[in-house]
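Next come the chains, spelled out residue by residue.
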Amino acid sequence: MVHFVGAGPGAPDLITLRGARLLREADQVIYTGSLVNTELLSGCRADCRILNSAEMTLEEVIGAIEQAEAEERMTVRLHTGDPSLYGAIREQMNSLDALGIAYDITPGVSSFCGAAAAVQTEYTVPGISQTLILTRMAGRTPVPEGESIHALASHGSSMAVFLSAGMLAGLQEELLRGAYTADTPAALVYKASWPDEKLLRCTVGTLAESAEKERITRTALVLVGDFLGGRGARSRLYAPDFSTGFRKGTGEGEQRPATGESGSALREGETRS
Ligand code: SAH
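None of these values were measured; they are calculated from a predicted model. (Residues numbered from 1 in each chain as written. Predicted model: local features only at pLDDT ≥ 70, side-chain atom pairs only at ≥ 80, totals over all residues. Heavy atoms only, no water.)

Novice: Help me out: how do you make sense of the site of the ligand in this one?
Specialist: In the region of the ligand, 18 residues are neighbours, and Leu 85, Ser 110, Ser 111, Ala 192 and Ala 220 sit closest. Here a nitrogen atom of the ligand sits 2.7 Å away from a polar atom, N or O, in the main chain of Leu 85. Here an oxygen atom of the ligand and a side-chain polar atom of Ser 111 are 2.7 Å apart. In the complex, 95% of the free accessible area of the ligand, which totals 540 Å², lies under the protein chains. Of the residues belonging to the shell around the ligand, the class tally is eleven nonpolar, five polar and two charged. Counting contributing residues per domain, the shell around the ligand is built from domain 1 (2-106) and domain 2 (111-229), each supplying no fewer than three. (Near = heavy atom within 4 Å. Polar contact = N/O pair within 3.5 Å; in protein donor to acceptor, adjacent residues only side chain to side chain. Areas by Shrake-Rupley, 256 points an atom, 1.4 Å probe, with all protein chains shown as cover. Nonpolar A, V, L, I, M, F, W, Y, C, P; charged D, E, K, R; others polar. Domains from an automatic or database assignment.)

Novice: Help me out: how do you make sense of unusual backbone geometry in this one?
Specialist: Among all residues except glycine, the phi angle is most often negative; among peptide bonds, the trans geometry is most common. The phi torsion at Glu 72 lies on the positive side, around 55 degrees, for a residue other than glycine. Note that Glu 72 resides in the loop between α2 (58-70) and β4 (75-79). One non-glycine residue, Gln 120, lies in positive phi territory at about 55 degrees. Among the structural elements, Gln 120 can be located in the loop between α4 (111-119) and β6 (132-136). Looking at Gln 120, the relative accessible area reads 73%, which means it is exposed. (Helix = DSSP H or I, 4+ residues; strand = E, 2+ residues; numbered from the N terminus. Buried < 20%, exposed > 50% of the residue type's maximum accessible area, 1.4 Å probe, protein only.)

Novice: When you look at the sheet that holds strand β1 (residues 2-6) in this model, what are you seeing that I'm missing?
Specialist: The strands making up a sheet associate through hydrogen bonds between their backbones, and the pairing can be parallel or antiparallel. As summarised here, the arrangement of the five strands in space is β3-β2-β4-β1-β5, forming an open sheet in which the pairing is parallel. Both edges of this open sheet fall to β3 (49-52) and β5 (103-106), since each of them pairs with a single strand only. In this sheet, adjacent strand axes meet at a mean angle of 20 degrees when their direction is disregarded. In this sheet, β5 lies alongside β1 in parallel orientation, the contact comprising four bridges. Within β5, the position partnered with Phe 4 by the bridge is Ile 105. (Pairing = 2+ DSSP bridges. Axes fitted to C-alpha atoms, helices over the stretch in contact; angles between N-to-C directions.)

Novice: Looking at this structure, how should I read the domain arrangement of the chain?
Specialist: A common way to report how large an interface is uses the accessible area buried once the components associate. Taken domain by domain, the chain consists of domain 1 (2-106) and domain 2 (111-229). Taken over C-alpha atoms, the centre of domain 1 sits 28 Å from the centre of domain 2. Counting residues at the interface gives ten residues for domain 1, matched by twelve residues for domain 2. Taking both partners together, domain 1 and domain 2 bury about 840 Å²; carbon and sulfur atoms supply 71% of that area. Between the two partners, domain 1 and domain 2, sit three residue pairs in polar contact (both at pLDDT 80 or more). (Contact = heavy atoms within 4.5 Å. Buried area = accessible area lost by both parts, 1.4 Å probe.)

Rendered as structure tokens:
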């Protein structure tokens with residue numbers, strides 16, 4: 001059995017309880033060495049085989065899993081943040097499917113959540129933006145046509161840009177071709193939740209020069225949008241006059257009561273927070 005596990009953004013206590021248990025039980029751990037905090041491996045069994053996938057090809061990773069399976073040993077494949085984002089797990093699952101090897105996935109706290117916590121912000125501020133775009137610049141590996149930063153930037157929504165800290169001059173230019181202006185708030189979060197975390201608040205117009213001053217070229221997320229500006233409307237959900245399936249409002253400007261999970265039956269155009 002193979003368990004894909006999200007390690008979280010860095011701080012060892014930001015892995016899930018399930019992920020931590022699987023790490024303690026593992027016969028073999030293959031971890032993403034470039035970004036996973038190796039403190040997480042200190043709880044592994046003394047006889048656990050530990051491999052760093054930064055030095056391996058896909059074929060070598062699958063080979064190590066196949067070998068463990070033949071010995072009926074369990075593998076944890078430990079990915080930074082959440083495995084579903086830029087984790088290259090699709091290709092691993094395809095190979096495991098072809099070999100008939102069973103697997104499951106334990107989610108993790110993605111770095112975009114760790115970065116929001118570092119900045120102490122909310123991506124979906126009522127009246128500002130209700131959409132978060134997670135993306136990356138095209139670099140040595142391409143992104144599909146239609147997903148260029150300038151196309152995505154036309155929405156002016158909240159945005160978190162992965163894998164692009166080394167291309168900030170280009171990123172800045174692309175963002176400015178969209179709906180953002182040079183004054184739109186931006187932030188650069190380096191190693192969110194690690195002891196050497198750095199947080200730079202800047203604007204779209206000063207992204208590249210701010211990073212250069214602090215010599216940040218990798219392991220950082222770029223956050224962009226007016227959600228960083230500290231303004232925003234009040235949510236409807238917690239307004240005194242607003243009724244939901246769980247709370248009766250005072251009635252003024254009364255809305256049809258929502259039923260079920262809070263907000264799930266909110267009408268189109270209503271704001272949830
Ligand atoms: N699966 C991971 C993303 C892996 S891609 C996740 O869910 O977070 C690697 C990129 O993620 C880095 O280039 C950087 O942009 C971002 N990243 C990962 N950990 C980070 C952290 N602790 N702080 C800031 N950015 C981080």
